[in-house]
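Inside the fold
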Amino acid sequence: MRRTAPLALIALVFAACSGIATAGSFTVSPVRVELSPAKPVSSITITNDADEPVSMLDVSVRAEILALLLELRRERGLTFLFITHDLSLAWVIADRIAVVYLGRVVEVGPADAVISRPRHPYTRALVSVIPVPEPGPRSDRLLLTGETPSPVDVPGGCRFRPRCWLRTRLGDPAVCTTDDPELRSVGPVEVACHFPDA
């Protein structure tokens, strides 16, 4: 059984974004799309040179692609590693979310827990700017200031320290400058922050 029509749509998405996804007998590239039942596929990694494979699409086409990915996950028991900057999208399609800052996971856990009660200051800032349907200005936005440090020259102590609004609010605790926090369990999530409950 070959499902070319809906999967061809994914190929167009990846062609437009210069992306590629491969896993066993499943290949999505700018050139071809194949799904062969001969070799079972258990996982797919979706990577992209742009933000993500669906970011530049019309909303209706984007919804169709995401619905297809969810259908493939459900029907074939697939596992996706979906890399995105869109936390609202991750919340919809993911069971678990890992937030990465300067190449390191700073918060990871069940999607609902990470989005509904983020613990790391970076995650909290990202969640605070997710668009909401209510009209009017939002007063809870946490806008980050300063430049993202170079991943080649990561600052000492906490790597998020130069842009951390929480560190500033807490009076610049010395531990943020001297110790790089390890992931530790805080409720249902793991967080790399010295003050996850602040």
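Look up a bit, the structure's there.
Notes on the structure in this doc start here. (Residues numbered from 1 in each chain as written. Predicted model: local features only at pLDDT ≥ 70, side-chain atom pairs only at ≥ 80, totals over all residues. Heavy atoms only, no water.)

A look at the side chain of Arg163
Secondary-structure assignment places Arg163 in the loop between α5 (121-128) and α6 (165-169). For the buried residue Arg163, which engages in no salt bridge, the nearest side chain bearing the opposite charge is Glu147, 7.3 Å off. Of note is the side chain of Arg163, whose polar atom sits 3.3 Å from the backbone oxygen of Thr145. Polar contacts involving the side chain of Arg163 include one to the side chain of Thr148, which spans 2.9 Å. The residues touching Arg163, leaving out its near neighbours within four places in the chain, are Tyr101, Leu144, Thr145, Gly146, Glu147, Thr148 and Pro149. (Helix = DSSP H or I, 4+ residues; strand = E, 2+ residues; numbered from the N terminus. Buried < 20%, exposed > 50% of the residue type's maximum accessible area, 1.4 Å probe, protein only. Lys, Arg positive; Asp, Glu negative; His and termini not counted. Salt bridge = Lys/Arg side-chain N within 4 Å of Asp/Glu carboxyl O. Polar contact = N/O pair within 3.5 Å; in protein donor to acceptor, adjacent residues only side chain to side chain. Contact = heavy atoms within 4.5 Å.)

What to know about the nonpolar core
The biggest cluster of nonpolar side chains holds 25 residues, and the ones touching the most others in it are Leu87, Ile97, Val99, Tyr101, Tyr122 and Phe160. Every element with two or more residues in this core is listed here: α3 (87-93), β6 (96-101), α4 (111-116), α5, α6 and β9 (189-191). At four residues, the largest contribution of residues to this core is made by α4. If we skip the residues at most four places from it in the chain, Ile97 touches Leu87, Ala90, Trp91, Glu107, Val108, Gly109, Ala111, Val114 and Ile115. Within the second largest apolar cluster, six residues are counted, among which are Leu66, Leu69, Phe82 and Ile93. (Core = buried A, V, L, I, M, F, W, Y, C linked by side-chain atoms within 4.5 Å.)

Considering the pattern of salt bridges
Under the criterion given, the structure shown has four salt bridges. With a closest N to O distance of 2.8 Å, Asp180 and Arg104 form a salt bridge. Within this pair, whereas Asp180 is found in the loop between α7 (174-178) and β8 (184-186), its partner Arg104 is found in strand β7 (residues 104-110), the two being separated by 76 residues in sequence. In this structure Arg104 comes out as buried when scored by relative accessible area, which is 17%. The partner of Arg104 in a salt bridge is Glu182, with the nearest N and O atoms 3.9 Å apart. With Arg104 in strand β7 and Glu182 in the loop between α7 and β8, the pair connects residues that are 78 residues apart, well separated along the chain. Residue Glu182 is classed as exposed on the basis of its relative accessible area, which comes to 58%. Linked by salt bridges that have partners in common, Arg104, Asp180 and Glu182 make up one network.

Some points on empty space enclosed by the protein
For the structure shown, the criterion picks out two cavities of 30 Å³ or more. Within this model, the largest cavity holds a volume of roughly 90 Å³. Partitioning the lining of the largest cavity into residue classes produces nine nonpolar, two polar and two charged. (1 Å grid on protein atoms, 1.4 Å probe; cavity = no way out; pocket = protein on both sides within 12 Å on 5 of 7 lines; lining within 4 Å. Points joined across faces, edges and corners; volume = space filled by probe spheres on them. Nonpolar A, V, L, I, M, F, W, Y, C, P; charged D, E, K, R; others polar.)

Section: helix α2 (residues 59-76)
For α2, built from 18 residues, the straight-helix expectation of 26 Å at 1.5 Å per residue is met to within 8% by its first-to-last C-alpha distance of 25 Å. If you check which residues of α2 are buried, you get Arg62, Ile65, Leu66, Leu68, Leu69 and Leu72. Buried residues of α2, viewed axially, fall in a sector of 150°; they line one side. Turned more than 90 degrees away from the buried face of α2 sit Val59 and Arg74, all of them exposed. One or two residues past the end of α2 sits Gly77, with phi positive at roughly 65°. (Expected span 1.5 Å × (residues − 1). Arc of directions from axis to C-beta.)

Any functional reading would require information that these geometric values do not contain.
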